[in-house]
Amino acid sequence: MRERLFWILKDYGIDERIAKAFLEVPREEFLMKHYSLSHVYEDVVLVSYEDGEVFSTSSQPSLMAMFMEWVELGEGMKVLEIGGGTGYNAAVMSRIVGENGFVVTVEYFEKVCKIARENVRRLGIDSVAVVCGDGYYGVPDFAPYDVIFVTVGVDEIPEHWFRQLKDEGRVIVPINMKFSGRQPAFLFVKKGNHLEGNYKLETRFIEAGGNLGNLLERNKKLLKEFPFRKTIRVPRLQMFVELVDLLTRRLTRMNGTFYYAGPEGTVEFSGGEMRIYGDTPEIESLLSQWKSCDYRSFEHLTLHVGYNALSRISCTI
Ligand code: SAH
């Protein structure tokens, strides 16, 4: 049965080395519900655990395999996985990084996390560490990482991850877009003070809990009063709000209206316009960069997300 999955992945054009890792790990051992073996090795998302209170899913194998290719997962790498679930994907990745590599996976729900621990222990996989907690903080104890591999929809890429990633390290991450509800996945590479990245594809992961899923709420406290300065009309305002969301991590919402909560100013987005209060140089420079890229959608832009540095956009050729 496992061979069937191997051939499905090969048909997708997945690298042999990665497809083989899926041959080496028994997926049924990570499913706490019963499925027929033929279903287990289909290329589908399966519910791995549910008890009416919490649930977890084992992601679609071909999507995981593509993520592994995009981050160029290889021998000897140290990987941080966010959203460990019952541990299947971490176990597969441990086959690829090999004896000289290491996989650290973080799972938010204690019950699911304990199951993941028990699964990797039972199968004798000693190159996976399962950490119980909120993935928002990363896992500093094992940092720095070559790769951060996110298998849950998150509101932002927290500074903790950025700090725990090696320079030139890669992040694959599905991001919950607050305006449209979409969940595009992006591939980023760390370059100095920025994560430089591009859109890859649409996804539908479970949305994260904890601090990875409450950005709008947390940012409310950054909103302060500033004097009104001006109104700017913006074409495709919704798309601009999404760029602000991705690039500043300072988006918030009050009474159904979106705001950018900057350190020296606030922007209110409504009715095709931005109302600017105080100073918001970050937003104004993003707007002019976006204009010079012909107001393109984020799928056709390169994002440079700054950490203690200004974020930028460049036009993908
Ligand atoms: N990689 C897993 C798939 C997990 S599904 C596998 O191979 O099976 C996503 C998981 O992310 C869920 O188990 C969910 O509980 C977990 N999660 C949600 N919010 C999280 C957070 N803030 N930090 C870490 N994990 C989180």
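This text goes with the structure placed above it.
Computed from a predicted model, the values in this text were never measured in an experiment.

Visitor: So what's going on with the overall build of the protein? Which residues, and what values?
Guide: When helices and strands are tallied, the protein shows 10 helices and 16 strands. Along the longest, intermediate and shortest principal axes, the C-alpha atoms of the protein span 65 × 45 × 35 Å. A buried classification covers 55% of the 317 residues belonging to the protein. The contacts of the protein with a sequence gap of at least 6 include a subset with a gap of at least 24, amounting to 60%. One finds the centroid of the 38 positive side-chain charges in the protein at a distance of 3 Å from the centroid of its 44 negative side-chain charges.

Visitor: Describe the side chain of Lys178, with residues and values.
Guide: Inspection of the secondary structure assignment puts Lys178 in the loop between strand E7 (165-174) and strand E8 (184-191). Side chain to side chain, Lys178 and Asp245 meet in a polar contact 2.8 Å long. Excluding residues that lie within four positions of it along the chain, Lys178 makes contacts with Asp155, Leu215, Leu216, Asp245, Leu251, Arg253 and Phe258.

Visitor: Account for the sheet that holds strand E5 (residues 128-132), with residues named and values stated.
Guide: The mixed open sheet is built from nine strands, whose spatial order is E5-E4-E3-E6-E7-E8-E9-E15-E16. In the strand order of this sheet, the two ends are held by E5 and strand E16 (312-315), each with one partner. Taken over all neighbouring pairs, the strand axes of this sheet differ in orientation by 20° on average, direction set aside. Note: E7 against E8, five bridges, orientation antiparallel. Bridge pairing in E8 links Val173 to Phe186. In this fold helix H10 (residues 281-292) packs onto strand E15 (301-306) and E16, with an angle of close to 5° to the strand it touches most, E16.

Visitor: How would you sum up the pairing of E8? Please name residues and give values.
Guide: Burial analysis of E8 places seven of its eight residues in the buried class, the great majority of the element. Relative to strand E9 (residues 194-202), E8 runs antiparallel, the two sharing eight bridges. Considered in E9, the bridge of Phe186 is made with Tyr199. The turn joining E8 and E9, which pair antiparallel and follow one another in sequence, is formed by two residues; a positive phi near 60° is taken by Gly192.

Visitor: Break down the pattern of salt bridges for me, with residues and values.
Guide: A side chain of one charge can pair with a side chain of the opposite charge if their charged atoms are brought near each other. According to the stated counting rule, one finds 24 salt bridges in the structure shown. Across the pair Glu202 and Arg182 runs a salt bridge, and its minimum N-O distance is 2.5 Å. With Glu202 in strand E9 and Arg182 in the loop between E7 and E8, the pair connects residues that are 20 residues apart, well separated along the chain. Exposure remark for Arg182: the relative accessible area of 22% places this residue in the partly exposed category. Taken together, the salt bridges that share partners define one network made up of Arg229, Lys230, Asp279 and Glu284.

Visitor: Which residues make up the site of the ligand, and what values go with them?
Guide: With respect to spatial proximity, 23 residues lie near the ligand, and among them Ser56, Glu107, Asp134, Gly135 and Gly209 are the closest. Between the ligand and Asn89, the relevant distance is 3.0 Å, taken from an oxygen atom to a main-chain nitrogen or oxygen of the residue. Between the ligand and Gly209 there is a distance of 2.9 Å, counted from a nitrogen atom to a backbone nitrogen or oxygen. Look at the ligand: alone it shows 570 Å² of surface, and the protein chains cover 99% of it. Among the secondary structure elements, those contributing two or more residues to the shell around the ligand are strand E2 (55-58), helix H5 (88-97) and strand E4 (102-107). Classifying every residue of the shell around the ligand by side-chain character gives eight nonpolar, 12 polar and three charged.

Visitor: Could you give an account of the packing of aromatic side chains, naming the residues involved and the relevant values?
Guide: Enumeration according to the criterion identifies 18 aromatic pairs in this entry. Centre to centre, the rings of Phe102 and Phe142 are 5.4 Å apart; their planes meet at 40°, and the pair counts as tilted. Remark: Phe142 occurs in the loop between E5 and strand E6 (145-150) and Phe102 occurs in strand E4; sequence separation between them is 40 residues. Residue classification places Phe142 among the partly exposed positions, given a relative accessible area of 30%. Aromatic pair Tyr136 and Tyr137: ring centres 4.9 Å apart, planes at 85°, arrangement edge-to-face. Grouping aromatic residues by their ring pairs yields a cluster made of Phe67, Trp70, Phe149 and Phe205. Lying across the ring of Tyr145, Lys78 places its NZ or CZ 6.0 Å from the centre.

Visitor: Report on the state of the cysteines, specifying residues and quantitative values.
Guide: A complete count under the given rule lists two disulfides for this structure. In this model Cys113 forms its disulfide with Cys132; the gap between the sulfur atoms is 2.0 Å. On the sign convention where negative means left-handed, the S-S torsion of about -85° between Cys113 and Cys132 marks this disulfide as left-handed. Linking Cys113 in helix H6 (residues 110-122) with Cys132 in strand E5, this pair joins segments that are 19 residues apart in sequence. The disulfide partner of Cys293 is Cys315, and the gap between their sulfur atoms is 2.1 Å. Residues Cys293 and Cys315 are joined by a disulfide whose S-S torsion is about -85°; by sign, that bridge is left-handed. Here Cys293 is found in the loop between H10 and E15, whereas its partner Cys315 is found in strand E16, with 22 residues between them in sequence. A residue is classified by how much of its surface remains accessible, and Cys293, at 2% relative accessible area, is buried. Residue class for Cys315 comes out partly exposed when judged on its relative accessible area of 32%.

Definitions and cut-offs
Residues numbered from 1 in each chain as written. Predicted model: local features only at pLDDT ≥ 70, side-chain atom pairs only at ≥ 80, totals over all residues. Heavy atoms only, no water. Helix = DSSP H or I, 4+ residues; strand = E, 2+ residues; numbered from the N terminus. Buried < 20%, exposed > 50% of the residue type's maximum accessible area, 1.4 Å probe, protein only. Contact = heavy atoms within 4.5 Å. Lys, Arg positive; Asp, Glu negative; His and termini not counted. Charge placed at Lys NZ, Arg CZ, Asp CG, Glu CD. Polar contact = N/O pair within 3.5 Å; in protein donor to acceptor, adjacent residues only side chain to side chain. Pairing = 2+ DSSP bridges. Axes fitted to C-alpha atoms, helices over the stretch in contact; angles between N-to-C directions. Salt bridge = Lys/Arg side-chain N within 4 Å of Asp/Glu carboxyl O. Near = heavy atom within 4 Å. Areas by Shrake-Rupley, 256 points an atom, 1.4 Å probe, with all protein chains shown as cover. Nonpolar A, V, L, I, M, F, W, Y, C, P; charged D, E, K, R; others polar. Phe/Tyr/Trp six-rings, centres within 6.5 Å; stacked < 30°, edge-to-face > 60°. Lys NZ or Arg CZ within 6 Å of the ring centre and 35° of its normal. Disulfide = S-S within 2.5 Å.

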